[in-house]
Amino acid sequence: MVQVKTVYITEDGKEFDSSDEASRYEETIRNDKMEKYRRYINDSYGGRQLLNKYPLDEYGVWEVRGEDENPDLGGYHHEPFIGVFEGKLKDVIMEAVAHPNFWSWGSGGSIYKKNIVKVGSTS
C-alpha cells in the first residue's frame, strides 16, 4: 500500500510534519536573528563604532570577521574570516550576526567597509 506523507521543509532544510510547527520554528529563528542584530548595534562596542561611521542604509562591499576567541590582552589573537558581502549595512549586519562564527565570548565580530579599486582596462 502506498501512503502519502507531507513534509514541511524550512529555509534551513529542517523538516517538520506540520505547517504550524515549521512556521513556529522559522519565527523563533527570525526572533533570534533580530535579537542578535539589536544586541550588536546597541550593546557591542564594534557595532556602535560601525554605526558612528556609517548609516544603516550605506551601500557597499563589507568584509565580515568573527569575534576574536581570546578576550584578554595576552596571547595570540585572530578574527576568523567569514566573508565579503555587498549590500546595505543593515542587511550585512543581519547576515553577519546569524553566522555561528560571528560570536565567541559575547561581543560579536567586526565589519569593515572595503574600497574596491578597479585597475586595468575593461576591453
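Placed above this text is the structure.
Residues numbered from 1 in each chain as written. Predicted model: local features only at pLDDT ≥ 70, side-chain atom pairs only at ≥ 80, totals over all residues. Heavy atoms only, no water.

## A few points about the pattern of salt bridges
What counts, and what does not: Here, a salt bridge means any Lys or Arg side-chain nitrogen found within 4 Å of an Asp or Glu carboxyl oxygen. Each residue gets one of three labels from its accessible area relative to the maximum for its type: buried under 20%, exposed over 50%, partly exposed in between, using a 1.4 Å probe on protein chains only. Numbering goes from the N terminus for both helices and strands, where a helix is a DSSP run of H or I of at least four residues and a strand is a run of E of at least two.
Evaluation of the coordinates by the stated rule reveals six salt bridges. Measuring nitrogen to oxygen at the nearest pair gives 2.6 Å for the salt bridge that ties Arg65 to Glu63. Assessed through its relative accessible area of 11%, Glu63 is described here as buried. Close ionic contact of Glu63 with Lys114 constitutes a salt bridge, the shortest N to O distance being 3.0 Å. Of this pair, Glu63 sits in strand 3 (residues 59-65) while Lys114 sits in strand 5 (residues 110-114), and the two are 51 residues apart along the sequence. Lys114 gets classed as partly exposed once you look at its relative accessible area, which sits at 35%. In the salt-bridge network here, residues are joined through shared partners; they are Glu63, Arg65 and Lys114.

## Notes on the sheet that holds strand 5
Rule in force here: Pairs of strands are assigned from DSSP output, requiring at least two bridges between the strands. Each axis is a line fitted through C-alpha atoms, taken for helices only over the stretch in contact, and angles between the N-to-C directions span 0 to 180 degrees.
If you trace the three strands from one edge of the open sheet to the other, you get 4-3-5, paired in antiparallel fashion. The sheet is open, and its two borders are formed by strand 4 (81-88) and strand 5, each paired with just one other strand. When strand polarity is set aside, the average angle formed by the axes of neighbouring strands in this sheet is 30°. By the bridge criterion, seven bridges tie strand 3 to strand 4 in an arrangement that is antiparallel. By the bridge assignment for strand 4, Trp62 is matched with Phe85.

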